[in-house]
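What follows is each chain in one-letter form.
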Amino acid sequence: MATPRTQTKKEAILQAASKFFSERGYWDTSVNDISKATGVAEGTIFYHFQSKEDLFLAVLQKFKDDFVGRFKQHLKENEFATGMEMVEGAISFYLYQSSVMEERFLLLHRHHYYQIAPENPKCWQYLEEIYSGLISIFEQAIIRGMHDGSIRKVSPNKKALLIFTLIDGLVRLDTYNLYQATSLYEEVIESCRCWLKP
């Protein structure tokens, strides 16, 4: 039986930073907070990350790699008979992940990170890569559906953007405890079918 791998200091720092940035935001999180939560000296944190900004960017990059990678892996491992089924599978997965990765979705939905982005090209790049990566998954499913006849001829990019905006908008309401996104699952699927079916 394999023994569980021990978390490295760098991983512990990233995990704590993700939690603090999600719950408190960037401005109200200090490196000292992260140091106290992890038991890792501030000097060690700065050994791994040159600044709080670098640490924040590493948290964003990890979210991008974890979530977009997990999404692509899920679609690769599951067989979908049609592109329409793939669209529905992508919707289901996104809603499911928003509930199991709630903390990190809160990080993604904090408004002031989008105020930081115009001044920080790396922050802008990571946010853009997260969203374009997710939208491209829906776009690929729509293109597949247009080829197999399960989806009518549409603009794949525009429809993918509309579907993603619908789902992510519901997830944002859920993130702030205003509405439970999964309760509208059937209505979301039906709306997408109306938009896409031949």
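Residues numbered from 1 in each chain as written. Predicted model: local features only at pLDDT ≥ 70, side-chain atom pairs only at ≥ 80, totals over all residues. Heavy atoms only, no water.

### Thoughts on the side chain of Gln97
Okay, so step 1: With respect to the helices, strands and loops of the structure, Gln97 is situated in helix α5 (residues 83–100).
Okay, so step 2: The class for Gln97 is buried, based on a relative accessible area of 3%.
Okay, so step 3: For Gln97, the side chain forms a polar contact with the side chain of Arg70, separated by 3.0 Å.
Okay, so step 4: In this structure, Gln97 is in contact with Phe67, Arg70, Glu102 and Phe105, ignoring residues within four places of it in sequence. (Helix = DSSP H or I, 4+ residues; strand = E, 2+ residues; numbered from the N terminus. Buried < 20%, exposed > 50% of the residue type's maximum accessible area, 1.4 Å probe, protein only. Polar contact = N/O pair within 3.5 Å; in protein donor to acceptor, adjacent residues only side chain to side chain. Contact = heavy atoms within 4.5 Å.)

### Remarks on helix α1 (residues 9–24)
Okay, so step 1: Over its 16 residues, α1 runs 22 Å from end to end, which matches the ideal 22 Å to within 8%, given 1.5 Å per residue.
Okay, so step 2: Within α1, the full set of buried residues consists of Ala12, Ile13, Leu14, Ala16, Ala17, Ser18, Phe20, Phe21 and Ser22.
Okay, so step 3: Note on α1: the residue one or two positions beyond its end, Gly25, has a positive phi of about 90 degrees. (Expected span 1.5 Å × (residues − 1).)

### Re the packing of aromatic side chains
Okay, so step 1: Here the structure, examined in full by the defined rule, presents 13 aromatic pairs.
Okay, so step 2: Plain terms: the ring middles of Phe71 and Phe93 are 5.0 Å apart, the flat faces sit at 50 degrees to each other, and that makes the pair tilted. Of this pair, Phe71 sits in helix α4 (residues 52–77) while Phe93 sits in helix α5, and the two are 22 residues apart along the sequence. Accessibility assignment for this pair places Phe71 and Phe93 in one class, buried.
Okay, so step 3: With centroids separated by 6.2 Å and ring planes inclined at 85 degrees, the aromatic side chains of Phe71 and Phe138 adopt a geometry described as edge-to-face. Here Phe71 is found in helix α4, whereas its partner Phe138 is found in helix α8 (residues 121–148), with 67 residues between them in sequence.
Okay, so step 4: Given a relative accessible area of 0%, Phe71 falls into the buried group.
Okay, so step 5: Of the residues examined, Phe138 reaches a relative accessible area of 0% and is grouped as buried.
Okay, so step 6: Taken together, the ring pairs in this structure connect Phe63, Phe67, Phe71, Phe93, Tyr94, Tyr131, Phe138 and Phe164 into an aromatic cluster.
Okay, so step 7: Looking at Lys52, its charged tip hangs above the ring of Tyr26, at a distance of 4.3 Å from the centre. (Phe/Tyr/Trp six-rings, centres within 6.5 Å; stacked < 30°, edge-to-face > 60°. Lys NZ or Arg CZ within 6 Å of the ring centre and 35° of its normal.)

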